[in-house]
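Listed below are the residues making up each chain.
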Amino acid sequence: MSTRTDGPRVVIAYHSGYGHTTALAEAVLAGATEAGARADAVQVDTLGEAGDDRWALLDGADAIVFGSPTYMGSASAAFHAFAEATSGRWAERAWSGKLAAGFTMSGAKSGDKLNTLQYFTLLAAQHGMLWVNLDLMPGWNASTGSENDLNRLGFYLGAGGQANVDEGPETVTKADLETARHLGRHVTRTARRVSPAT
Ligand SMILES: Cc1cc2nc3c(=O)[nH]c(=O)nc-3n(C[C@H](O)[C@H](O)[C@H](O)COP(=O)(O)O)c2cc1C
């Protein structure tokens, strides 16, 4: 749990089957912390029932950043199970007005990651949350660009990463990690703009 006592409370709610999405989650966490957030990460597939303190972390957050690998063109089943487990909070409007953002990882350069990011925006909308975009220009889209550019895969809704399916999480690229780190910083700064007292 974050040891800071001030700053916006940012919680990263994510699933990772094989560690690649965890690498992005850690980068989002680092960016949020660097920008002054009280930042925590929650692995949603390990969340227990109502008594699990980590639900209180989510309920107390100013911003929740959703993260999942893209599996079969959408968020993973484990992430969807988490989303369904939030339906009581949906009914109570418990997360209404919080900020939301998202990131995803896949094997193919596109891999239909956009659908996962769009799914996150719908989840946020159902909860009445306010979506925070990536706010980075697309990289690797000009003769002067390269695969080392920030936002090299060119998403606007959130951060997208790609890693080869036959290699481990240690091969997640610096460009994708830096893009995720930017998202953590950006969400934190946006939380401050929305609620300057935090
Ligand atoms: C069940 C399953 C479905 C997948 N579906 C896709 C997909 O739709 N598009 C894609 O590009 N990669 C797909 N992949 C590859 C993963 O997205 C990729 O390996 C990712 O880095 C895994 O992240 P993780 O280690 O956090 O689980 C799939 C992998 C699995 C295991």
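- With an unreviewed UniProt entry as reference, the chain is termed Multimeric flavodoxin WrbA, source organism Streptomyces aidingensis.

1. Topic: the overall build of the chain
So, point 1. For the chain, the helix and strand inventory stands at 6 helices and 7 strands.
So, point 2. If you line up the chain on its principal axes, its C-alpha atoms span 50 × 35 × 30 Å.
So, point 3. For the chain, the residues scored as buried account for 50% of the 198 residues in total.
So, point 4. Nonlocal contacts in the chain, meaning residues at least 24 apart in sequence, comprise 77% of its contacts between residues at least 6 apart.
So, point 5. In the form shown here, the chain has an accessible surface area of approximately 9200 Å², with 52% of it arising from carbon and sulfur atoms.
So, point 6. Within the chain, the 21 negative side-chain charges are centred at a point lying 8 Å from the centre of the 16 positive side-chain charges.

2. Quick look at the site of the ligand
So, point 1. Near the ligand lie 17 residues; those nearest to it are Ser16, His20, Thr21, Tyr71 and Met72.
So, point 2. Contact distances for the ligand include 3.2 Å between an oxygen atom and a side-chain N or O atom of serine 106.
So, point 3. Residue alanine 108 places a main-chain N or O atom 2.9 Å away from an oxygen atom belonging to the ligand.
So, point 4. Judged by its atoms lying within 2 Å of the grid points, the ligand is housed in the largest pocket.
So, point 5. Of all the secondary structure elements, the ones that give two or more residues to the shell around the ligand are helix H1 (20-34), strand E3 (63-71) and strand E5 (99-106).
So, point 6. Considered class by class, the residues forming the shell around the ligand number 7 nonpolar, 10 polar and no charged.

3. Quick notes on the pairing of strand E2 (residues 38-43)
So, point 1. As paired strands, strand E1 (residues 9-14) and E2 are joined by 6 bridges and run parallel to one another. Paired with tyrosine 14 across the strands is glutamine 43, a residue of E2.
So, point 2. What joins E1 to E2 is H1, and the crossover it makes is right-handed.

4. Focus: the packing of aromatic side chains
So, point 1. For the structure shown, the criterion picks out 7 aromatic pairs.
So, point 2. A ring pair is formed by phenylalanine 79 and phenylalanine 82, whose centres lie 5.4 Å apart and whose planes are at 65°; its orientation type is edge-to-face. Residue phenylalanine 79 and its partner phenylalanine 82 are both found in helix H3 (residues 77-85); the two are separated by 3 residues, about one turn of the helix.
So, point 3. Grouping aromatic residues by their ring pairs yields a cluster made of Trp55, Phe66, Phe79, Phe82, Tyr119 and Phe120.

5. Focus on the UniProt feature "domain: Flavodoxin-like" (unreviewed entry) in the chain
So, point 1. In this numbering, the UniProt entry assigns the feature "domain: Flavodoxin-like" (unreviewed entry) to residues 10-158.
So, point 2. The straight-line gap between the two end C-alpha atoms of residues 10-158 is 16 Å; of that span, 34% is helix and 21% is strand.

6. As for the pattern of salt bridges
So, point 1. Taken as a whole and judged by the stated rule, the model has 6 salt bridges.
So, point 2. When the shortest N-O distance is used, the salt bridge between arginine 9 and aspartate 62 registers 3.4 Å. Of this pair, arginine 9 sits in strand E1 while aspartate 62 sits in the loop between helix H2 (53-59) and E3; the two residues are 53 residues apart in sequence, bridging distant segments of the chain.
So, point 3. With a relative accessible area of 35%, arginine 9 lands in the partly exposed category.
So, point 4. Counted as one network, the salt bridges with shared partners bring together Glu34, Arg181 and Arg185.

7. Describing the packing of H3 against helix H5 (residues 113-126)
So, point 1. Here H3 crosses H5 at 10°, and the two axes come no closer than 11 Å. It follows from the interaxial angle that H3 and H5 lie roughly parallel. For the pair formed by H3 and H5, the contact residues are Phe79, His80 and Ala83 on the first element and Tyr119, Phe120 and Leu123 on the second.

8. Section: the layout of surface pockets
To locate leftover empty space, one rolls a probe as large as a water molecule over the atoms.
So, point 1. Here the largest pocket is characterised by a volume of approximately 220 Å³.
So, point 2. Along the wall of the largest pocket there are 15 residues; nearest its centre are Tyr18, His20, Tyr71, Ser106 and Gly107.
So, point 3. Elements with a minimum of two residues in the lining of the largest pocket: H1, E3 and E5.
So, point 4. The dominant element in the lining of the largest pocket, judged by the number of residues it contributes, is E3, at 3 residues.

About the cut-offs
Residues numbered from 1 in each chain as written. Predicted model: local features only at pLDDT ≥ 70, side-chain atom pairs only at ≥ 80, totals over all residues. Heavy atoms only, no water. Helix = DSSP H or I, 4+ residues; strand = E, 2+ residues; numbered from the N terminus. Buried < 20%, exposed > 50% of the residue type's maximum accessible area, 1.4 Å probe, protein only. Contact = heavy atoms within 4.5 Å. Areas by Shrake-Rupley, 256 points an atom, 1.4 Å probe, with all protein chains shown as cover. Lys, Arg positive; Asp, Glu negative; His and termini not counted. Charge placed at Lys NZ, Arg CZ, Asp CG, Glu CD. Near = heavy atom within 4 Å. Polar contact = N/O pair within 3.5 Å; in protein donor to acceptor, adjacent residues only side chain to side chain. 1 Å grid on protein atoms, 1.4 Å probe; cavity = no way out; pocket = protein on both sides within 12 Å on 5 of 7 lines; lining within 4 Å. Sits in = over half its atoms within 2 Å of the grid points. Nonpolar A, V, L, I, M, F, W, Y, C, P; charged D, E, K, R; others polar. Pairing = 2+ DSSP bridges. Right-handed = clockwise from strand over helix to strand, strands pointing away. Phe/Tyr/Trp six-rings, centres within 6.5 Å; stacked < 30°, edge-to-face > 60°. UniProt positions renumbered as here; feature names shortened; annotations may be inferred. Salt bridge = Lys/Arg side-chain N within 4 Å of Asp/Glu carboxyl O. Axes fitted to C-alpha atoms, helices over the stretch in contact; angles between N-to-C directions. Parallel < 35°, antiparallel > 145°, perpendicular 65-115°, else oblique. Points joined across faces, edges and corners; volume = space filled by probe spheres on them.

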